[in-house]
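So the chains spell out like this:
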Amino acid sequence: MLRTLARAVPAVALAIAAALAGLSTASAAPDTTLAAAADPAAPGAYPVAYTDLTVSASGRTYSARVWYPGNAAGANAPVAPGLHPGLAFGHGFFQDISKYESILRHYASWGFIAVAPKSQGGIAPSHTGFADDLNAALAWLTTQNSTTGSRFAGAVDTSRYALSGHSMGGGAALLAAARNPAVKSVSTLAAAETNPSAVSASATLAVPSQYVGGSRDTVAGVDGHQRKMYDAKPAPTQLRVITGGFHCGFTDSGGFGCDSGSVTRAEQQRLTRAVTTTYLLYTLGLDTSLRDQVWGSAAQTLPGVVYTAKP
């Protein structure tokens, strides 16, 4: 199946569409218009839309914002045609989801329906509850996909689900993945140890899992958190450490208790978009041409990012 562009974009931003290997030939084939931008850190081809709503699934109910590929940009726009992979994203401790707008908009521009729960935002959040909230987001997407009249009816690729999150949310994403066989890939940002243990959860995961951290993180440092998770995780897995990166560099703005690094927030976020977008597209089977950028020499020599992996 040849990947085609959903809409015209400047030629300098296009790459040659690649043949996708191993995709289902069923009538409900996944949409393959995930933008063919030459740089995965650049926006994809889709206009970005969003909606604020209440998620209710699996015994969990909470407010959330959903970023998704639209026919047009802006609030409550129709979903772009085709099937789109689902992503549940967990915020950090005491962080509002607005701090992650840049990365979630980016994923939506590449075709992902990204659900960001607003739950567990207080001073004493439940890590296990947050993991259940993330899984509820994916269960909710499955229900919406088959609900007549839903904005997302017939728009969700329920065979391609991923989890992500920052700090506490990254740890909760690992807990959630250990509980949910529907999850096919995990990508975390400065994932922090949780209770129950995200390190122990990592040891049980068979799906590809990515741990992205910053070398200057003083909140959830690489050696005390992500490296332990990576060491516990059986292959396939990778640890990507942004040189000079800091804990709050993964958010759109800082705040009380934030640290700082030797790289700018803009550069850290650019590198984060690059390594996580390629990882999710490749490990979900959406673009097999990205293998070198995930496991090969392009990944190992990417400037500004130290690469460690068990392919």
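Before any of the text, the structure's been laid out above.
Note that the structure is a prediction, hence the values are computed from the model and not measured. (Residues numbered from 1 in each chain as written. Predicted model: local features only at pLDDT ≥ 70, side-chain atom pairs only at ≥ 80, totals over all residues. Heavy atoms only, no water.)

### With respect to the overall build of the protein chain
Logical step 1: Scanning the protein chain from N- to C-terminus turns up 8 helices and 10 strands.
Logical step 2: Within the protein chain, contacts between residues at least 6 apart in sequence are counted, and of these 68% link residues at least 24 apart.
Logical step 3: Entry remark: accessible area of the protein chain is about 11,700 Å², with carbon and sulfur atoms responsible for 55%. (Helix = DSSP H or I, 4+ residues; strand = E, 2+ residues; numbered from the N terminus. Contact = heavy atoms within 4.5 Å. Areas by Shrake-Rupley, 256 points an atom, 1.4 Å probe, with all protein chains shown as cover.)

### Examining the packing of helix α2 (residues 127-145) against helix α3 (residues 168-179)
Logical step 1: Two numbers describe how α2 lies on α3: the axes approach to 8 Å, and their chain directions differ by 65°. Relative to α3, the element α2 lies roughly perpendicular. Crossing hand, α2 versus α3: right-handed. Across the interface between the two elements, His127, Thr128, Phe130, Ala131, Asp132, Leu134 and Asn135 of α2 pack against Met168, Gly169, Ala172, Ala173, Leu175, Ala176 and Arg179 of α3. (Axes fitted to C-alpha atoms, helices over the stretch in contact; angles between N-to-C directions. Parallel < 35°, antiparallel > 145°, perpendicular 65-115°, else oblique. Left-handed = near helix turned anticlockwise from the far one by under 90°.)

### Digging into the state of the cysteines
Should the sulfur atoms of two cysteines be covalently bonded, the bond is a disulfide.
Logical step 1: Tallied over the entire structure, the rule returns 1 disulfide.
Logical step 2: Here Cys248 pairs with Cys258 through a disulfide, and the sulfurs are 2.1 Å apart. The sign of the S-S torsion, about -90°, decides the handedness of the disulfide formed by Cys248 and Cys258: left-handed. Placement of Cys248 in the loop between β9 (237-242) and α6 (265-283) and of Cys258 in the loop between β9 and α6 is noted, with a sequence separation of 10 residues between them.
Logical step 3: Residue classification places Cys258 among the partly exposed positions, given a relative accessible area of 28%. (Disulfide = S-S within 2.5 Å. Buried < 20%, exposed > 50% of the residue type's maximum accessible area, 1.4 Å probe, protein only.)

### Concerning the side chain of Lys233
Logical step 1: Summarising the element assignment, Lys233 is placed in the loop between α5 (226-232) and β9.
Logical step 2: There is no salt bridge for the buried Lys233, and the closest opposite charge comes from Asp231, which lies 12 Å off by N-O distance.
Logical step 3: Within the structure, Lys233 has its side chain in polar contact with the backbone oxygen of Leu205 (distance 3.3 Å).
Logical step 4: If sequence neighbours within four positions are ignored, Lys233 has contacts with Ser202, Ala203, Leu205, Ala206, Val207, Ser209, Tyr211 and Lys310. (Lys, Arg positive; Asp, Glu negative; His and termini not counted. Salt bridge = Lys/Arg side-chain N within 4 Å of Asp/Glu carboxyl O. Polar contact = N/O pair within 3.5 Å; in protein donor to acceptor, adjacent residues only side chain to side chain.)

### Topic: the packing of aromatic side chains
Logical step 1: In the structure shown here, the tally under the stated rule is 7 aromatic pairs.
Logical step 2: Between the aromatic rings of Trp140 and Phe152, the centroid separation amounts to 5.9 Å while the plane-to-plane angle is 70°, which identifies the pairing as edge-to-face. Here Trp140, found in helix α2, pairs with Phe152, found in the loop between α2 and β6 (156-166); they are 12 residues apart in sequence, far enough to count as distant.
Logical step 3: Owing to a relative accessible area of 2%, Phe152 belongs among the buried residues under this scheme.
Logical step 4: The rings of Tyr68, Trp140 and Phe152 are connected pair by pair, giving a single aromatic cluster.
Logical step 5: Across from the ring centre of Tyr230, 4.6 Å away, lies the NZ or CZ of Lys310, which sits over that ring. (Phe/Tyr/Trp six-rings, centres within 6.5 Å; stacked < 30°, edge-to-face > 60°. Lys NZ or Arg CZ within 6 Å of the ring centre and 35° of its normal.)

### Remarks on the packing of helix α1 (residues 101-109) against α6
Logical step 1: The geometry of α1 relative to α6 is characterised by a closest axis approach of 11 Å and an angle of 35° between their N-to-C directions. Of the two elements, α1 crosses α6, and the hand of that crossing is right-handed. Only Gln269, Thr272, Arg273, Thr276, Thr277 and Leu280 of α6 make contact with α1, whose side of the interface consists of Ser102, Ile103, His106 and Tyr107.
Logical step 2: For the contact of α1 with α6, the per-class residue count stands at 3 nonpolar, 6 polar and 1 charged. (Nonpolar A, V, L, I, M, F, W, Y, C, P; charged D, E, K, R; others polar.)

### What about the pattern of salt bridges?
Logical step 1: Within the structure shown, the criterion is met by 7 salt bridges.
Logical step 2: Asp157 is the partner of Arg160 in a salt bridge, and the nearest nitrogen-oxygen pair spans 2.9 Å.
Logical step 3: Classification of Arg160 as buried rests on a relative accessible area of 9%.
Logical step 4: One connected set of salt bridges, linked through shared partners, spans Asp52, Arg65 and Lys118.

### What about the sheet that holds strand β7 (residues 183-189)?
Logical step 1: Taken in spatial order, the 10 strands make up an open sheet running β3-β1-β2-β5-β4-β6-β7-β8-β9-β10, and their pairing is mixed. Since the sheet does not close on itself, it has two edges, and those belong to β3 (74-75) and β10 (305-310), each with one partner.
Logical step 2: Note: strand β1 (residues 48-57) against β3, 2 bridges, orientation parallel. In the strand pairing of β3, Ala49 is matched with Gly74. (Pairing = 2+ DSSP bridges.)

### Observations regarding the nonpolar core
Nonpolar side chains tend toward joint burial in soluble globular proteins.
Logical step 1: Membership of the largest hydrophobic core comes to 46 residues, with the highest contact counts inside it found for Tyr68, Val115, Trp140, Leu141, Phe152, Leu163 and Leu174.
Logical step 2: With 8 residues, the top contributor of residues to this core is α2.
Logical step 3: In this view, Phe152 contacts Thr51, Leu53, Val66, Tyr68, Val79, Ile113, Trp140, Gln144 and Asn145; residues no more than four positions away in its chain are not counted.
Logical step 4: Formed by 28 residues, the second largest nonpolar core is a distinct cluster that contains Phe89, Trp110, Phe112 and Leu286. (Core = buried A, V, L, I, M, F, W, Y, C linked by side-chain atoms within 4.5 Å.)

Fair warning: the whole summary comes from geometry, so function is off the table for now.
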